[in-house]
Every structure is written in C-alpha cells, then in structure tokens.
Amino acid sequence: MVALTLFINLLTAYKAGRDSRVLLSAAGVQMSKEQRQREKSFIKQSFFQGAAIFAGQVTYYVTAPFLTDYSVMLFLDASLWAFMHAFEG
C-alpha cells in the first residue's frame with residue numbers, strides 16, 4: 001500500500017508534466033523558464049507528499065505492534081496523522 005501510494009504520486013507528476021509539454025508544443029509555444037520552474041516545484045511537492053505519506057504509514061505499521069497502552073496509541077495516532085498531513089501541505 002505504501003509503495004503503491006508513492007508510485008501513483010510520482011506517476012501523476014510525470015503524466016501532468018508530459019501533458020503540459022504536449023499541449024504547449026501543439027500550440028507552438030515554448031515553455032518559459034518560469035513555467036519549467038513551476039513544473040519542477042510540482043514534481044518536488046509530489047515527491048515529498050509521497051515521502052511523507054510513506055514515512056507516516058511505515059512509522060504506524062512499525063510502532064503499532066509494540067504499543068499496548070491504548071491511550072498512548074490514540075495520542076500517537078492523532079498527533080502523527082495530523083503532523084503527516086500538515087507536513088505534506
């Protein structure tokens with residue numbers, strides 16, 4: 001599940017960039033330096049979102065079997081889940 005999420009995020013970023021380049025070339029317009037920078041930023045954001053979800057899921061699946069106190073597990077679930085989504089933006 002974790003690897004699938006990361007793979008789908010990276011595939012989406014690649015496809016969006018490719019589609020953008022195809023549309024620009026079909027219109028006969030060259031991509032500006034600013035547009036290229038935006039695409040690079042989008043790819044970086046997609047990668048880091050995938051990495052954040054990956055790290056959050058791995059952390060959960062690794063730590064959950066070791067916790068027996070439900071109040072600690074609830075606190076970690078709630079705080080790590082919120083932190084993961086806040087980090088990914």
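Reading guide: rules and limits
- Residues numbered from 1 in each chain as written.
- Predicted model: local features only at pLDDT ≥ 70, side-chain atom pairs only at ≥ 80, totals over all residues.
- Heavy atoms only, no water.
- Patch = residues over 30% accessible without salt bridge, like charges linked within 9 Å, V, L, I, M, F, W, Y side chains within 5 Å.
- Areas by Shrake-Rupley, 256 points an atom, 1.4 Å probe, with all protein chains shown as cover.
- Salt bridge = Lys/Arg side-chain N within 4 Å of Asp/Glu carboxyl O.
- Lys, Arg positive; Asp, Glu negative; His and termini not counted.
- Charge placed at Lys NZ, Arg CZ, Asp CG, Glu CD.
- Helix = DSSP H or I, 4+ residues; strand = E, 2+ residues; numbered from the N terminus.
- UniProt positions renumbered as here; feature names shortened; annotations may be inferred.
- Expected span 1.5 Å × (residues − 1).
- Buried < 20%, exposed > 50% of the residue type's maximum accessible area, 1.4 Å probe, protein only.

Chemist: With reference to specific residues and values, describe a positive patch on the surface.
Modeler: Taken together, the side chains of Lys33, Arg36, Lys40 and Lys44 make up a positively charged region of the molecular surface. Here Lys40 shows up in helix α2 (residues 33–63).

Chemist: Tell me about the UniProt feature "transmembrane region" (unreviewed entry) in the chain, residues and numbers included.
Modeler: Under the UniProt annotation, "transmembrane region" (unreviewed entry) lies at residues 46–64. Note that residues 46–64 is 95% helix and 0% strand, and that its end C-alpha atoms are spaced 27 Å apart.

Chemist: If you had to explain α2 to someone new, which residues and values would you point to?
Modeler: Compared with the 45 Å implied by 1.5 Å per residue over 31 residues, the 44 Å span of α2 between its first and last C-alpha is a close match. Those residues of α2 that sit buried are Glu39, Ser46, Gly50, Ala52, Ile53 and Gln57.

Chemist: Got a sec to walk through the environment of Ala51? Specific residues and values, please.
Modeler: Following the sequence through the fold, Ala51 ends up in helix α2. Overall, Ala51 belongs to the partly exposed group, its relative accessible area being 26%.

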